[in-house]
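# Descriptive analysis of the structure
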Protein chains: 2
Amino acid sequence: MEGPAGDDEIIMANDSFYEAFEAADMAAMAEVWEQSEAVACTHPGWPTRHGWKAVAASWESIFSGGDPLQFILTDTRVRRHGDTAWVTGDENLVSAEGPGGTVAALNIFERRAGSWLMVAHHGSPVMRR
Amino acid sequence: MEGPAGDDEIIMANDSFYEAFEAADMAAMAEVWEQSEAVACTHPGWPTRHGWKAVAASWESIFSGGDPLQFILTDTRVRRHGDTAWVTGDENLVSAEGPGGTVAALNIFERRAGSWLMVAHHGSPVMRR
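What comes next is a walk through the structure. (Residues numbered from 1 in each chain as written. Chains lettered and ligands numbered in written order. Predicted model: local features only at pLDDT ≥ 70, side-chain atom pairs only at ≥ 80, totals over all residues. Heavy atoms only, no water.)

## Description of the pattern of salt bridges
We count it as follows: Salt bridge criterion: a side-chain nitrogen from Lys or Arg within 4 Å of a carboxyl oxygen from Asp or Glu. Helical segments are the DSSP runs of H or I of at least four residues, strand segments are the runs of E of at least two, and each set is numbered from the N terminus. Partly exposed describes any residue whose relative accessible area lies between the buried limit of under 20% and the exposed limit of over 50%, with all areas from a 1.4 Å probe on protein chains only and scaled to the type maximum.
Considering all chains together, one arrives at 12 salt bridges over all chains under this definition. E110(B) is the partner of R79(A) in a salt bridge, and the nearest nitrogen-oxygen pair spans 2.6 Å. Of the two residues, R79(A) sits in strand β3 (residues 70-81) while E110(B) sits in strand β5 (residues 98-112), which places them in two different chains. When sorted by exposure, R79(A) lands in the same class as E110(B), which is buried.

## Brief notes about the sheet that holds strand β6 (residues 115-125) of chain B
All names here are of chain B. Heads up, the rule is: For two strands to be treated as a pair, DSSP must find at least two bridges joining them.
Taken in spatial order, the 6 strands of this open sheet run β2-β1-β6-β5-β4-β3, and their pairing is mixed. Since the sheet does not close on itself, it has two edges, and those belong to β2 (49-50) and β3 (70-81), each with one partner. Bridge count between strand β1 (residues 40-42) and β6: 3 bridges; the pairing is parallel. Bridge pairing links T42 to H122 in β6.

## Concerning the packing of aromatic side chains
In plain terms, the rule: Stacked, tilted and edge-to-face pairs are distinguished by plane angle, under 30 degrees for stacked and over 60 for edge-to-face with tilted covering the rest, among Phe, Tyr and Trp rings (Trp via its six-membered ring) whose centres lie within 6.5 Å.
What the rule picks out here adds up to 18 aromatic pairs over all chains. Considering the side-chain rings of F17(B) and Y18(B), the 4.7 Å spacing of their centres and the 70° angle between planes classify their relative orientation as edge-to-face. Looking at F17(B), the relative accessible area reads 0%, which means it is buried. Feature note: the residues F17(A), Y18(A), F21(A), W59(A), F63(A) and F71(A) constitute an aromatic cluster, connected by ring pairs.

## Comments concerning the interface of chain A and chain B
Put simply, the rule is: Note on definitions: a residue-residue contact is assigned when non-hydrogen atoms from the two residues lie within 4.5 Å. What counts as buried area is the accessible surface, traced by a 1.4 Å probe, that two parts surrender upon association, with contributions from both included. Pairing of N or O atoms within 3.5 Å defines a polar contact, subject to two protein rules: one partner must be a possible hydrogen donor and the other a possible acceptor, and residues neighboring in sequence count only if both atoms are side-chain atoms.
Each side of the interface is counted separately: chain A has 35 residues, and chain B has 35 residues. Note on chain A versus chain B: buried area summed over both sides is about 2,900 Å², and carbon and sulfur give 57% of it. Looking at the side of chain A facing chain B, the largest losses of area belong to R79(A), H81(A) and W86(A), adding up to 23% of the total buried there. Taken together, chain A and chain B are joined by 13 residue pairs in polar contact (both at pLDDT 80 or more). Looking at the side of chain A that touches chain B, the elements with two or more residues in it are β1 (40-42), β3, β4 (84-95), β5 (98-112) and β6 (115-125) of chain A.

## So, the side chain of E110(B)
Note on E110(B): relative accessible area 1%, which makes it buried. Within the local environment of E110(B), its side chain forms a polar contact with the side chain of H81(A), the two groups lying 3.3 Å apart. Among the polar contacts made by the side chain of E110(B), one reaches the side chain of R112(B) at a distance of 2.7 Å.

## What to know about the relation of the copies chain A and chain B
Selection criterion: A residue counts toward the fit only if its pLDDT is at least 70 in both copies, and the copies are then superposed by least squares on the C-alpha atoms of those residues.
Between the two copies, chain A and chain B, the superposition gives an RMSD of 0.0 Å; the rotation angle is 180° and the shift along the axis is 0.0 Å. Here the copies are linked by what is in effect a two-fold axis. No C-alpha of chain A approaches the rotation axis more nearly than that of S124(A), which lies at 2.7 Å. When you check the interface residues of chain A against chain B, 100% turn up at the interface there too, and the contact is symmetric in its surfaces.

## Observations concerning the side chain of E34(A)
Looking at the element boundaries, E34(A) is found in the loop between α2 (26-32) and β1. Since its relative accessible area comes to 11%, E34(A) is described here as buried. In this structure the side chain of E34(A) is engaged in a polar contact, spanning 2.6 Å, whose partner is the side chain of S36(A). A polar contact of 2.9 Å, which involves the side chain of E34(A), links it to the side chain of R79(B). Aside from chain neighbours lying at most four places away, what touches E34(A) is V39(A), W52(A), E110(A), R112(A), L117(A), M118(A), V119(A) and R79(B).

## Describing the sheet that holds β1(A)
A sheet is described by the order of its strands in space; here 6 strands give the open sequence β2-β1-β6-β5-β4-β3 (chain A), paired in mixed fashion. The two strands at the open ends of the sheet, each matched to only one other strand, are β2 (49-50) and β3 of chain A.

## Focus on the packing of helix α1 (residues 7-23) of chain B against helix α3 (residues 52-63) of chain B
Residues and elements named next belong to chain B. We count it as follows: As a rule, the C-alpha atoms of each element are fitted with a line to give its axis, helices using only the stretch in contact, and angles between N-to-C directions run from 0 to 180 degrees. Any angle that falls under 35 degrees is termed roughly parallel, while one over 145 is termed roughly antiparallel, one within 65 to 115 roughly perpendicular, and all others oblique. In this classification, Asp, Glu, Lys and Arg are treated as charged, Ala, Val, Leu, Ile, Met, Phe, Trp, Tyr, Cys and Pro as nonpolar, and every other residue, Gly included, as polar.
Look at α1 against α3: their axes get within 9 Å of each other, and the N-to-C directions meet at 45°. The angle between α1 and α3 falls in the class oblique. Taking contact as the criterion, the partners of F17, A20 and F21 in α1 are, on α3, W59, I62 and F63. Looking at the contact of α1 with α3 residue by residue, the classes come out as 6 nonpolar, no polar and no charged.

## Observations concerning the pairing of β6(B)
All names here are of chain B. Among the 11 residues that make up β6, 10 are buried, leaving the element largely enclosed by the rest of the structure. Two elements, β5 and β6, share 10 bridges in a ladder whose sense is antiparallel. The residue of β6 that forms the bridge with V103 is P125. Linking two consecutive strands that pair antiparallel, namely β5 and β6, is a turn of 2 residues; a positive phi of about 50° is found at A113 within it.

Here's what the structure looks like:
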């Protein structure tokens, strides 16, 4: 299923983010992000980290924390406005013990020199009711 | 303290959002948002609501839920790229019983016909460590 023109590149950038996340691959994660002072990242339950240095440190902490995480991504939706795009989606965690929790994500990308780079990621735990 | 040209309008739009939230004023909240199918809202612990109808219903639910919430907003940061802007900040809840928890927020605004309208809000609880 093809989205509107241009959305494919945004979905590819979003997919690259989750591939780096699942692979716990810091070099790949670094390529996904705009490495600037202006980026922001909020992991579930964490305070917001600002600037690439702090954001990179947060990923290094997560990647060194044990078994890599795996997700099934559902309900991915893209909205683009000029050279900015944002993507919502659900990260459904899968562990060796079976299905885990769900994290609601909001990812923002900006196009710089033709490439869509992540500038913000915000994930929050969805409570079961 | 003045930000870069144009940021003042974005901060005003962000402030209007929190004023409507604190006042539990549905009419004011409706004026803050772009009332389209593309908007998204994730309250702390909730699944993401898509489209103005579902987003409006979520605010009505929150506004009818009891005492209005009050915040002290800290660390508000604005980033603008063309006609899209995103704002991060901490919502520090204050209740009659004293200080409450902190919610990390990411708000996205788009400029349409000269007005900055909210298109996404994502709030997540910051866990105490």
